[in-house]
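Remarks on the overall topology
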Amino acid sequence: MKALILKNQQNTPDMMNDIHSQAEREHFFIGLYECAFPQVATFIFKNGGTLEEARDVFQDSLLIYYEKTISQQLPELSNQKAYLLGIAKNLWYRKTGRSPICQDLTEPTDYADQDALHCQNDPTDLLAFLEVAGQKCLEMLKSFYYERSSLQALAQSFGFASVRSATVQKYKCLEKVRDEVKQKSLTYEDFTY
Amino acid sequence: MRTSLIEIQKIERYLQHTASAEDMLLMEARLLTNPDLRDDVEAQRKAYRLIHRYGRQQVKQAIAAADRQLFSQKKHLGFRQRILNIFHKK
């Protein structure tokens, strides 16, 4: 995985689809750390930050990078490591309330929901709420709606004979979650990031 | 596909703006007169948010685990030392 990242430097949604388990995901992020964190740490240090701050900023940068990759919003750049550094720089400027004197136009700034990166709600509650759908359903829904896997990939990953079977199952799973939402009459605020 | 699932599919296409212009209008009209449908649409919107939050939570956990491994495991000592050196230049 690390080799994939470093050699191609252009991660694709298809590649993300190959990352199924948490262990694979961790390995993927370790590769990105080794590739890009030293530069980010150097930048944060030169701008008066601490190691802890550098780690926090980098963790948020990785999440933004990951979500941009799965939603196919990454620009066509030859150097994705530089793009990741750009995200980190912008997060740092935002965190410290400072603006760069001269901003690199290739650096991304459009993080629609970056303020939502730190959701304070208890993850246990969220899981308890969703588990009514069952683990397989949950993974399937996550795979399709969050990671934007195709229905074909969904059918393959979850062992369905056809795309149609996967589609029907996906809607059944969604129905379970939706009915639970209705039953619990959750307020809009419960879902605010 | 049973009727309730077809309805879920229609709501999904409406919420994702992937329905045809005609179907979008039809849904708008039904929403005006059908409170149950309005509840279904709102619940489905919330369901998508929940799923998204669940996905994001898992990614954040994986990132945090990667960070922990790099800054605690012996096999990553070289990397750790390289980073610590950056912050010990003062």
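One numbering rule holds for all chains: residues counted from 1, following each sequence as written. Here every chain gets a letter starting at A, and every ligand a number starting at 1, in the order they are written. Only residues with pLDDT of 70 or above have their local features reported here, since the model is predicted, and side-chain atom pairs are shown and tallied only from 80 upward, although totals for entire chains, interfaces and linings are computed over all residues. To obtain the side-chain values, all non-hydrogen atoms of the structure were included, while hydrogens and water were left out.

1. Structural notes on the state of the cysteines
All names here are of chain A. Threshold: Any cysteine sulfur atom paired with another within 2.5 Å is treated as part of a disulfide. Only DSSP runs of H or I covering at least 4 residues are called helices, and only runs of E covering at least 2 are called strands; the numbering of each starts at the N terminus. Relative accessibility under 20% of the residue-type maximum defines a buried residue, over 50% an exposed one, and the middle range a partly exposed one, all with a 1.4 Å probe and only protein chains included.
Under the definition given, this model contains one disulfide over all chains. Between the sulfur atoms of Cys137 and its disulfide partner Cys173 the distance amounts to 2.0 Å. Linking Cys137 and Cys173, the disulfide has an S-S dihedral of approximately -75 degrees and is accordingly described as left-handed. On the criterion of sequence distance, the pair formed by Cys137 in helix α7 (residues 135-146) and Cys173 in helix α9 (residues 163-184) is long-range, its members being 36 residues apart. Residues Cys137 and Cys173 agree in their burial class; the two are buried.

2. Focus: the nonpolar core
To keep things clear, this is the line we draw: For this analysis, a nonpolar core means a set of buried residues of the types Ala, Val, Leu, Ile, Met, Phe, Trp, Tyr and Cys, connected via side-chain atoms within 4.5 Å. It only takes one pair of heavy atoms within 4.5 Å for two residues to be counted as in contact.
Counting 42 residues, the largest nonpolar core has A:Phe29, A:Tyr33, A:Phe37 and B:Ile83 as the members making the most contacts within it. When contributions to this core are tallied by element, the ones reaching two or more residues are α3 (22-46), α4 (51-70) and α5 (80-96) of chain A together with α3 (35-70) and α4 (77-87) of chain B. Broken down by element, this core gets its largest block of residues, twelve residues, from α3(A). Apart from residues lying up to four places away in sequence, A:Phe37 is in contact with A:Leu32, A:Leu51, A:Ala54, A:Arg55, A:Phe58, B:Phe71, B:Phe79 and B:Ile83. Counting 37 residues, the second-largest nonpolar core is a separate cluster that includes A:Tyr171, B:Val41, B:Ala47 and B:Leu50.

3. Considerations on the interface of chain A and chain B
The criterion, for reference: Salt bridges are counted wherever a side-chain nitrogen of Lys or Arg sits within 4 Å of a carboxyl oxygen of Asp or Glu. The term polar contact refers here to a pair of N or O atoms within 3.5 Å; inside protein, the definition further demands a hydrogen-donor-capable atom paired with an acceptor-capable atom, and it admits residues adjacent in sequence only when both atoms are side-chain atoms. Here the nonpolar group is Ala, Val, Leu, Ile, Met, Phe, Trp, Tyr, Cys and Pro; Asp, Glu, Lys and Arg are the charged ones; every other residue, Gly included, is treated as polar.
Facing 59 residues of chain A, the contacting portion of chain B comprises 47 residues. Across the pair B:Glu12 and A:Lys170 runs a salt bridge whose closest N-O atoms are separated by 3.2 Å. On inspection of chain A and its partner chain B, the count reaches 14 residue pairs in polar contact (both at pLDDT 80 or more). Only α3, α4, α6 (123-130), α7 and α9 of chain A provide two or more residues apiece to the side of chain A that touches chain B. Of the residues forming the side of chain A that touches chain B, the biggest block, twelve residues, is contributed by α3(A). Classifying every residue of the side of chain A that touches chain B by side-chain character gives 34 nonpolar, ten polar and 15 charged.

4. Quick word on α3(A)
All names here are of chain A. To keep things clear, this is the line we draw: To estimate how far a helix should extend, the number of its residues minus one is multiplied by 1.5 Å. To obtain the bend at a residue, axes are fitted to the seven residues ending there and to the seven starting there, and the angle between these axes is taken.
Along its 25 residues, α3 runs 33 Å from first to last C-alpha, staying within 8% of the 36 Å computed at 1.5 Å per residue. Maximal helix bending in α3 amounts to about 50 degrees, located at Ala36; proline Pro38 follows within four positions. Phi turns positive one or two residues past the end of α3, at Gly48, with a value near 85 degrees.

5. Here we look at the packing of α3(A) against α3(B)
As a reminder, the rule being used: Here the axes come from fitting lines to C-alpha atoms, over the contacting stretch only for helices, and the angles between their N-to-C directions go from 0 to 180 degrees. Put simply, angles under 35 degrees are roughly parallel, angles over 145 are roughly antiparallel, angles from 65 to 115 are roughly perpendicular, and the rest are oblique. What makes a crossing left-handed is the near helix being turned counterclockwise from the far one by less than a right angle; a clockwise turn instead makes it right-handed.
It is at 8 Å that the axes of α3(A) and α3(B) come closest, and there the two elements cross at 55 degrees. Between α3(A) and α3(B), the crossing angle belongs to the class labelled oblique. For α3(A) against α3(B), the interelement crossing comes out right-handed. Note on element contacts: α3(B) touches α3(A) through B:Gln58, B:Val59, B:Gln61, B:Ala62, B:Ile63, B:Ala65, B:Ala66, B:Asp67, B:Gln69 and B:Leu70, opposite A:Gln22, A:Arg25, A:Glu26, A:Phe29, A:Ile30, A:Tyr33 and A:Glu34.

6. Observations regarding the packing of aromatic side chains
Put simply, the rule reads: Stacked, tilted and edge-to-face are the three classes applied to pairs of Phe, Tyr and Trp rings, where Trp contributes its six-membered ring and a pair requires centres within 6.5 Å; stacked means planes under 30 degrees apart, edge-to-face means over 60, and tilted covers the rest. The criterion for a charge sitting over a ring is simple: Lys NZ or Arg CZ within 6 Å of the ring centre, and within 35 degrees of the ring normal.
Scanning the entire structure with this criterion turns up 13 aromatic pairs over all chains. Ring centres 5.7 Å apart and planes at 50 degrees place the aromatic pair A:Phe29 and A:Tyr66 in the tilted group. Taken together, the residues A:Phe29 in helix α3 and A:Tyr66 in helix α4 connect sequence positions 37 residues apart. With 6.4 Å between their ring centres and 40 degrees between their planes, A:Phe37 and B:Phe79 make a pair best called tilted. Placement of A:Phe37 in helix α3 and of B:Phe79 in helix α4 is noted, with the two residues assigned to different chains. Residue classification places A:Phe37 among the buried residues on the basis of a relative accessible area of 0%. Judged by relative accessible area, which is 9%, B:Phe79 ranks as buried. Connected via pairs of aromatic rings, a cluster forms that spans A:Tyr33, A:Phe37, A:Phe58, B:Phe71 and B:Phe79. Here the guanidinium or amino end of A:Arg55 rests over the ring plane of B:Phe71, the centre of that ring lying 3.9 Å away.

7. Some words on the side chain of A:Lys142
Within the fold, A:Lys142 resides in helix α7. Residue class for A:Lys142 comes out buried when judged on its relative accessible area of 2%. Leaving out residues up to four positions away in the same chain, A:Lys142 has contacts with A:Arg25, A:Glu147, B:Ile51, B:Tyr54, B:Gly55 and B:Gln58.

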